[in-house]
2 protein chains.
Amino acid sequence: MIKHIPSLEKLIRQLQHVPYLASKNLYRVASHFLSSDQKSIDQLCRAIIEAKEKVKPCKNCFNWTQTSDLCAICADSKRDRSSICVVETWHDLLAIERTQDYDGLYHVLGGSLCPLEGVGPDDLTVDAFLTRIDDGIKEVIFATNPTPEGEATASFVASKLEGASLLVSRLASGIPIGYSLEQMDRVTIHKAIAGRRPF
Amino acid sequence: MIKHIPSLEKLIRQLQHVPYLASKNLYRVASHFLSSDQKSIDQLCRAIIEAKEKVKPCKNCFNWTQTSDLCAICADSKRDRSSICVVETWHDLLAIERTQDYDGLYHVLGGSLCPLEGVGPDDLTVDAFLTRIDDGIKEVIFATNPTPEGEATASFVASKLEGASLLVSRLASGIPIGYSLEQMDRVTIHKAIAGRRPF
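Bear in mind the structure is a predicted one, so any value in this text is a computation, not a measurement.

What counts and what doesn't
- Residue numbers run consecutively from 1 along every chain, following the written order of its sequence.
- Here the convention is simple: chains get letters from A, ligands get numbers from 1, in the order in which they are written.
- Note on the predicted model: pLDDT of at least 70 is required for a residue's local features to be given, and 80 or more for side-chain atom pairs to be given and counted; whole-chain, interface and lining totals, by contrast, use all residues.
- Here the side-chain values reflect all heavy atoms present in the structure, with hydrogen atoms and water set aside.
- Helical segments are the DSSP runs of H or I of at least four residues, strand segments are the runs of E of at least two, and each set is numbered from the N terminus.
- The reference for a compact globule is 2.2 Å times residues^0.38; the radius of gyration itself is calculated from the C-alpha atoms.
- Under the scheme applied here, a residue whose accessible area is under 20% of the maximum for its type counts as buried, over 50% as exposed, and between as partly exposed, the area being computed with a 1.4 Å probe on protein chains only.
- Whether two residues are in contact is decided by their heavy atoms, any of which lying within 4.5 Å being enough.
- In this description, accessible areas are obtained by the Shrake-Rupley approach with a 1.4 Å probe, and a residue is regarded as covered only by the protein chains that are shown.
- Counted as positive: Lys and Arg. Counted as negative: Asp and Glu. His and the chain ends are not counted at all.
- One atom stands in for each charge, and that atom is NZ of Lys, CZ of Arg, CG of Asp or CD of Glu.
- By salt bridge we mean one thing: a side-chain nitrogen of Lys or Arg within 4 Å of a carboxyl oxygen of Asp or Glu.
- Two strands qualify as a pair provided DSSP detects at least 2 bridges between them.
- Polar contact is defined as a pair of N or O atoms within 3.5 Å, subject to the rule that within protein one atom must be able to donate a hydrogen and the other to accept it, and that residues adjacent in sequence are counted only when both atoms are side-chain atoms.
- Comment: axis = line fitted to C-alpha atoms, over the contacting stretch for helices; angle = value between 0 and 180 degrees taken between N-to-C directions.
- Domain delimitation follows an automatic or database domain assignment.
- Pairing of aromatic side chains requires ring centres within 6.5 Å, counting the rings of Phe and Tyr and the six-membered ring of Trp. Pairs whose planes differ by under 30 degrees are stacked, by over 60 edge-to-face, and all others tilted.
- Two limits define a charge over a ring: the Lys NZ or Arg CZ must be within 6 Å of the ring centre, and within 35 degrees of the ring normal.

Here we come to the overall build of chain A. Along the backbone of chain A there are 8 helices and 6 strands. Along chain A, helices (α) and strands (β) appear in the sequence α-α-α-β-β-α-β-α-β-α-β-α-β-α when read from the amino end. Over its C-alpha atoms chain A spans a radius of gyration of 21 Å, topping by over 25% the 16 Å that the globule rule assigns to 199 residues. Within the span of chain A, comprising 199 residues, buried residues form 40% of the whole. Residue pairs in contact within chain A that sit at least 24 positions apart in sequence constitute 46% of those at least 6 positions apart. On chain A, roughly 11,600 Å² of surface is accessible, and the fraction owed to carbon and sulfur atoms is 53%. Computing the positive centroid from 23 side-chain charges and the negative centroid from 25, chain A places the two 5 Å apart.

What follows is the structure, encoded as structure tokens:
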């Protein structure tokens, strides 16, 4: 059927590259674009192209920035410059910022090590991170995800810090608030017991 | 945080209009676009704009078409022109075509009646459907979804056909293949009993 509508077929092929768009929804999204008015299509495309053109990674921490070479966090003199929190992605950084619990700097690795998908240390911003470690830095917090890839990434980067006089820590793993023990897998409960805290 | 990156903020606002993109994933998709190479961004935008420009609804049944005014199904002389299957959307049409069980024509309503969202008969292609009913049409199959809106739409359109000498039918409701009875709601089991067939 769709082979008679080559432009629609091409659109669906392009939409396949957009992450987090379930394949069963590609046809619906394509159909939505065809039914939309021209103005909203133009606005979406312009927004994608403009963001791609104007938004750059911060020279220091690889957070996104637009108006200057340094992102708003690196440029903020009120932030604690002695602490770096290492995250995989920008949205992990946003998740931590939303808590307003942390006022140090960040470093966005750009993903996690994943040899099976061919992602090695050179594909991440590990070297740039290591050049940031100087006498001013007192603490490094690893906030990579508690997945096998995230754990391996934290271990790898932490191993490069050996010998430096730093406080190196890792976000706590355990049972998330509002969940019950029986919903949790063994490894999570193991981590929660191992990381138990004085009451 | 994001207010310091106005182009990224604008992109996320635009992405909010894309259906089937979960709001928790908007930041990830935006970040994906920023990390993509320029070429794939251009290809995506070109594909959206080109499809919007070239793909039009079929003059007859409102299926999508590109190369001529009539869609591939309406233009196909091998299809049974005495039968029309009424569907809500193009992707419903695709779902039926995939079965290769139906060789008649279609009519795409463009949605279902939903007074709460302000969708009335004039927002659908009901009038265009009624003008298609002539002596040549022997059968109308309603394949709107078995949701309250889909049922209301089928009832409404069917009421307009009263008096015409047509075989009017509705897709069977019942227990989908591979599911067990205990997973089903009462209404589905009720429909399955009411629609039971000789063994």
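Next comes the rest of the account.
Okay, the pattern of salt bridges next. One pass over the full model with this rule turns up 6 salt bridges over all chains. Among the ionic pairs, Lys10(B) bridges to Glu50(A), the shortest N-O distance being 2.9 Å. Here Lys10(B), found in helix α1 (residues 6-15), pairs with Glu50(A), found in helix α3 (residues 38-54), and the two come from separate chains. Among the ionic pairs, Glu97(B) bridges to Arg79(B), the shortest N-O distance being 2.9 Å. Of the two residues, Glu97(B) sits in helix α4 (residues 90-99) while Arg79(B) sits in the loop between β2 (64-65) and β3 (80-87), which places them 18 residues apart along the sequence. No difference in accessibility class separates Glu97(B) from Arg79(B), as the two residues are buried.

Attention now moves to the pairing of strand β5 (residues 139-142) of chain A. Residue and element names in this part refer to chain A. Where strand β3 (residues 80-87) and β5 come together, 4 bridges link them in parallel fashion. Counterpart to Cys-85 in the pairing with β5 is Ile-141. Looking at chain direction, β5 and strand β6 (residues 167-170) are connected through 4 bridges and run parallel. Within the sheet, the bridge partner assigned to Glu-139 lies in β6 and is Leu-167.

Time to look at the environment of Asp123(A). Residue and element names in this part refer to chain A. Along the polypeptide, Asp-123 turns up in the loop between β4 (104-108) and α6 (126-132). Along the backbone, Asp-123 and Gly-110 are 13 residues apart, and their C-alpha atoms lie at a distance of 8.0 Å. Side-chain polar atoms of Asp-123 contact the backbone nitrogen of Gly-120, separated by 2.8 Å.

As a further point, take unusual backbone geometry. Residue and element names in this part refer to chain B. In this structure, Phe-62 takes a positive phi of about 70 degrees despite not being glycine. With respect to the helices and strands, Phe-62 occurs in the loop between β1 (56-57) and β2. Accessibility expressed as a relative area gives 27% for Phe-62, which makes it partly exposed. If you check the backbone angles, Gln-100 has positive phi at about 55 degrees while not being a glycine.

As a further point, take the sheet that holds strand β4 (residues 104-108) of chain B. Picture the strands of a sheet paired through backbone hydrogen bonds; they go either parallel or antiparallel. All names here are of chain B. Strand order in the open sheet made by the 4 strands is β4-β3-β5-β6, with parallel pairing throughout. Single-partner strands in this sheet number two, and they are β4 and β6 (167-170). Taking the axes of each pair of neighbouring strands and ignoring which way they run, one obtains an average angle of 25 degrees across the sheet. Packed onto the sheet, α4 meets β3 and β4 and runs at close to 160 degrees relative to β4.

Take the sheet that holds β5(A) next. All names here are of chain A. As summarised here, the arrangement of the 4 strands in space is β4-β3-β5-β6, forming an open sheet in which the pairing is parallel. Each of the sheet's edge strands pairs with one partner strand only, and the pair in question is β4 and β6. On average, each strand axis in the sheet is inclined to that of its neighbour by 25 degrees, with strand direction left out of account.

Right, let's get into the pairing of β3(A). By the bridge criterion, 5 bridges tie β3(A) to β4(A) in an arrangement that is parallel. Following the sheet pairing, Ile84(A) is matched in β4(A) by Leu105(A).

For chain A, the domain assignment lists domain 1 (2-54) and domain 2 (64-171). A C-alpha centroid distance of 34 Å is found between domain 1 of chain A and domain 2 of chain A.

Attention shifts here to the packing of aromatic side chains. In this structure the tally under the stated criterion is 4 aromatic pairs over all chains. With 5.7 Å between their ring centres and 45 degrees between their planes, Trp90(A) and Tyr27(B) make a pair best called tilted. With one member in each of two chains, Trp90(A) in helix α5 (residues 90-99) and Tyr27(B) in helix α2 (residues 26-35) form a pair that bridges those chains. When the ring of Tyr102(A) is compared with that of Tyr106(A), the centres are 5.2 Å apart and the planes differ by 70 degrees; the resulting orientation is edge-to-face. Summarising the burial analysis for this pair, Tyr102(A) and Tyr106(A) share the class buried. Positioned above the aromatic ring of Tyr27(B), the side-chain terminus of Arg98(A) is 5.8 Å from the ring centre.

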